[in-house]
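Descriptive structure summary
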Amino acid sequence: MRHLIQRLAALALAGVALTCIAGAARAQDDYPNRTIRWLVGYPPGGSTDIVARLIGQYLSEHLHQQVAVENKPGAGNNLATEMAVNSPPDGYTVFLVNPANTINATLYKNLSFNFIRDMAPVAGIIRVPNVMEVNPEVPAKTVAEFISYAKANPGKVNMASAGVGTSTHLSGALFMLMTGVTMVHVPYHGAAPALTDLLGGQVQVFFDNLPSSIGHIKGGRLRAIAVTTATRAAALPDVPTIAETVPGYEASVFYGMAAPRGTPRAIIEKLNHEVNAALADPAMQAKLAELGGTNIGGTPEDFGKIIAAETEKWSKVIKATGATAE
C-alpha cells in the first residue's frame, strides 16, 4: 500500500511538472501578452533615452504590446542595471545597454552584479561617435594643431566631460594617453552643463556624444575637430577621424538591448528578430541616421562579443588613468 501511495505521489508530481512545462511553453508562444518594461539608466531627452524610445515605438507596433520606457537614473547607470539584473527573467523587463555598462565593470569596485554574467545580450542597435569639439575661440582647427596647441599651453587647456568614467571622459583620457597631451579634466553632472560651459568658453574641449552636440556644430557655435570612431560619421562627412592623425585611436558609444540572465532563448530570439527588423526599416534607418550613428544589429552572440570587447578595452584605459568611483 505504501509503495502504491508513493507511486501515485510521484505520478502526481510528474503531472504537475509537465503542466508547468506546458504552461511555460504556452507563455513563450503567447509572448508578449502584456506590457514590456524597458529600463534606461539616464533621464529623458539624452541620446540613450532617444534610442530606446525610437526602437520601443517600433516594437510596440509590431509586437502588439506596449514597450514602456522607464527612466531610472542614478549611480552612474548602476541603479537601472541592478533593477534589470534582479528582475524576473520572463521577457517583460529589458535593459538599454550603453557604454557605462562596460566602463563601470572596472570603474566601480563594489558592484553587486557582474554585467556580463548576469545579463543576457539580445541585440545591438547602434554605434554612435563622440565628437572632439572646441569653443570657436580655440585656434586649433585640426587634431595636429590641437595637439601642438595643448602642448604649448600645459595646464591651461580644460577638457569637459559628462562625469568621471563616462565615455566623454574616457574618450579624452584615451586621447591624452595616445598623444602625450596633458589637459585639465573638468567633470560635470551630465552633458548639458558641460556644453553650456564649452559654449561660454569656460572649458576649451569636449569629447561629446554626437547627438547632443550636432545642432551646435551645424549652427557654428562649436567647431568639430574630429570624430572618435574608426570611420567618418555620415552626419559630419567632412569631419575627419582622430585616427587619421593618431593611428589606432577608436572610441564610440554603442546601444543595445539585454535581458536578465535566464530569460528563455525563444523570447530572446523573438526580441532579437524584431530589433533587427526595426534596423532594416527605411523609416527607422532615417531616424537613427539623424543621430549620426551606424546600425549594429546581428545575433545575440554578436552583441555579446561587442560588450566583452568594450569591457576589456575600457578596463585598460581606466587602470592607466587611475580613475575610480564608489
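Residues numbered from 1 in each chain as written. Predicted model: local features only at pLDDT ≥ 70, side-chain atom pairs only at ≥ 80, totals over all residues. Heavy atoms only, no water.

What follows concerns the overall build of the protein chain. Regarding its fold elements, the protein chain presents twelve helices and ten strands. In terms of overall dimensions, the protein chain has a C-alpha envelope of 95 × 40 × 30 Å along the principal axes. For the protein chain, with 326 residues in total, the buried portion stands at 49%. Contacts in the protein chain between residues at least 24 apart in sequence constitute 77% of all its contacts with a sequence separation of at least 6. Put simply, the protein chain has 25 plus and 25 minus side-chain charges, and the middle of one group is 5 Å from the middle of the other. (Helix = DSSP H or I, 4+ residues; strand = E, 2+ residues; numbered from the N terminus. Buried < 20%, exposed > 50% of the residue type's maximum accessible area, 1.4 Å probe, protein only. Contact = heavy atoms within 4.5 Å. Lys, Arg positive; Asp, Glu negative; His and termini not counted. Charge placed at Lys NZ, Arg CZ, Asp CG, Glu CD.)

Looking now at the pairing of strand β7 (residues 205-209). When a strand is regular, its side chains alternate between the sheet's two faces. Within β7, five of the five residues are buried, leaving the element largely enclosed by the surrounding structure. Bridge count for strand β4 (residues 119-134) against β7 is five bridges, and the pairing is antiparallel. The partner of N130 across the bridge, within β7, is N209. The pairing of strand β5 (residues 158-161) with β7 spans two bridges and is parallel. Looking at the pairing, A160 lines up with F206 of β7. (Pairing = 2+ DSSP bridges.)

Take the packing of helix α4 (residues 99-107) against helix α12 (residues 300-321) next. Here α4 crosses α12 at 45°, and the two axes come no closer than 8 Å. By the criterion of interaxial angle, the relationship of α4 to α12 is oblique. The handedness of the crossing between α4 and α12 is right-handed. Where α4 abuts α12, its residues T102, I103, A105, T106 and L107 lie against I307, E310, T311, W314, S315, I318 and K319. Of the residues in the contact of α4 with α12, the class split is six nonpolar, four polar and two charged. (Axes fitted to C-alpha atoms, helices over the stretch in contact; angles between N-to-C directions. Parallel < 35°, antiparallel > 145°, perpendicular 65-115°, else oblique. Left-handed = near helix turned anticlockwise from the far one by under 90°. Nonpolar A, V, L, I, M, F, W, Y, C, P; charged D, E, K, R; others polar.)

With that settled, the discussion passes to the packing of aromatic side chains. With the rule as written, the count across this model stands at seven aromatic pairs. Each ring, one from F175 and one from F207, has its centre 5.6 Å from the other, and the planes form 50°; the classification is tilted. Of this pair, F175 sits in helix α7 (residues 167-179) while F207 sits in strand β7, and the two are 32 residues apart along the sequence. Across the pair, F207 and F175 agree in class, each one buried. One aromatic cluster in this structure is built from F146, Y149, F175, F207 and Y249. Lying over the aromatic face of Y92, R34 brings its terminal NZ or CZ to 3.8 Å of the ring centre. (Phe/Tyr/Trp six-rings, centres within 6.5 Å; stacked < 30°, edge-to-face > 60°. Lys NZ or Arg CZ within 6 Å of the ring centre and 35° of its normal.)

Next up on the list: the layout of surface pockets. Counted as a void, the largest pocket has a volume near 930 Å³. Lining of the largest pocket is provided by 41 residues; of these, Y42, A162, T166, G190 and A191 occupy positions nearest its centre. Contributing elements (two or more residues each) for the lining of the largest pocket: α2 (47-63), α4, α7, α8 (191-200), β7, α9 (210-218) and β9 (252-260). Taken together, the residues of the lining of the largest pocket sort by class into 21 nonpolar, 19 polar and one charged. Estimates place the volume of the second largest pocket at around 170 Å³. Taken together, 14 residues line the second largest pocket, and the ones lying closest to its centre are R127, T229, T231, G293 and T294. (1 Å grid on protein atoms, 1.4 Å probe; cavity = no way out; pocket = protein on both sides within 12 Å on 5 of 7 lines; lining within 4 Å. Points joined across faces, edges and corners; volume = space filled by probe spheres on them.)

Pairs may arise between side chains of opposite charge once their charged atoms sit close together. Applying the stated rule across the entire model yields ten salt bridges. Here D90 makes a salt bridge to R34, at a shortest N to O gap of 3.4 Å. On the criterion of sequence distance, the pair formed by D90 in the loop between α3 (78-85) and β3 (93-97) and R34 in the loop between α1 (2-29) and β1 (36-40) is long-range, its members being 56 residues apart. Classification of D90 by relative accessible area gives partly exposed; the value is 26%. (Salt bridge = Lys/Arg side-chain N within 4 Å of Asp/Glu carboxyl O.)

Overall, the predicted model of the protein chain reaches an average pLDDT of 90, with 91% of residues at or above 70. For the stretch residues 16-24, pLDDT sits under 50, and the model shows zero contacts to residues farther than four places along the chain or on other chains. (pLDDT = per-residue confidence, 0-100.)

For N209, the location among the structural elements is in strand β7. Overall, the relative accessible area of 16% leaves N209 in the buried class. For the pair formed by N209 and K72, sequence separation is 137 residues and the distance between their alpha carbons is 20 Å. Within the structure, the side chain of N209 is placed 2.6 Å from the side chain of N130, a separation counted as a polar contact. (Polar contact = N/O pair within 3.5 Å; in protein donor to acceptor, adjacent residues only side chain to side chain.)

If you check which residues of α3 are buried, you get N78, A80, T81, A84 and V85. Here the buried residues of α3 occupy an arc of 160° about the axis, which is enough to place them on one side. Summarising the contacts, the buried residues of α3 are in contact with β1, β3, α4, α5 (115-118), β4 and β9. (Arc of directions from axis to C-beta.)

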